[in-house]
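Observations on the model geometry
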Amino acid sequence: MAIWWRGVRSAAEAANLPAAYSFGRSIRCLHQYETIQAIPREATGRRVSARDRTIGRIPAVVFTQSLLETDASKRGVSRKQLLTADKKQIKSIVDSVGLPFFCSTTFKLQVRAGQGSSSLVESGRVLPLKIHRDEESGKILNLVFVWANDGEQLKVDVPIVFKGLDDCPGLKKGGNLRSMRSTLKLLGPAEHIPSKIEVDVSKLDIADKVLMQEVEFHPSLKLLSRNETLPVCKIVATSPVKEPEAVQA
């Protein structure tokens, strides 16, 4: 049995990870990631895909899609390319960036004419949209990418990472950080899509909260939310906070 994974929310919940999974987890700079190497595939179907996996290849698809137009008739033509990628390389990249952050990180992709070929057919940056994994073994079965070159408008669920936990007054008093959201949905140019959004909680006291409209990101990005006044997180008391007793004269 297999399941499609879409970004951090599905991955974290299915793996039974807490919303604060990303606390303390570092994400290396994008230029340190390997360039994904892929080759074209012409045939499709379960048998073909199964054969590719037995020789260490992961079936993948990459396409171009305009997300600015809500009217499908006004969108540009979606160009679909069928590919296969090296299983070991993809697993190494997923393990490196972390599954919850894989679908919010752009990577460089090079499409070669064939396995072992030096002839470059196409190259550019891509963003993973879905990762299809076996539910029991966790093995990667299929990948879906979208071209993410500069200027491409993308809609992405970006994971939230909390920082400043050690300095948070509310936590020092014994409070707990309650996360209301694990991601924010952003729309904007591919080059400005972050792999994570950092929310500073270093100054929050008991009952303090951070609202979606207070989260900072690149000005070219738009937050897609019907209510930006909803909280992202809040510091809650583990027990009722006692009011200081009045000093008697």
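Parameters at a glance
Residues numbered from 1 in each chain as written. Predicted model: local features only at pLDDT ≥ 70, side-chain atom pairs only at ≥ 80, totals over all residues. Heavy atoms only, no water. Disulfide = S-S within 2.5 Å. Salt bridge = Lys/Arg side-chain N within 4 Å of Asp/Glu carboxyl O. Helix = DSSP H or I, 4+ residues; strand = E, 2+ residues; numbered from the N terminus. Buried < 20%, exposed > 50% of the residue type's maximum accessible area, 1.4 Å probe, protein only.

Per an unreviewed UniProt entry, the protein goes by the name Large ribosomal subunit protein bL25 beta domain-containing protein and belongs to Brassica campestris.

1. Here's the deal with the state of the cysteines
Tallying each qualifying case throughout the model produces zero disulfides. Not part of a disulfide, Cys-233 finds its nearest cysteine sulfur in Cys-168, a span of 8.6 Å.

2. Examining the pattern of salt bridges
In the structure shown here, the tally under the stated rule is five salt bridges. One salt bridge in this structure joins Lys-91 and Asp-95, with 2.8 Å as the shortest N-O distance. Placement of both Lys-91 and Asp-95 in helix α3 (residues 87-97) is noted, with a separation of four residues, approximately one turn of the helix. Overall, Lys-91 belongs to the partly exposed group, its relative accessible area being 49%. Its salt-bridge partner being Asp-157, residue Lys-185 comes within 3.1 Å of it at the nearest N-O pair. Here Lys-185, found in strand β10 (residues 183-189), pairs with Asp-157, found in strand β8 (residues 153-163); they are 28 residues apart in sequence, far enough to count as distant. Among the charged side chains, a network of salt bridges with common partners joins Lys-163, Lys-196 and Glu-198.

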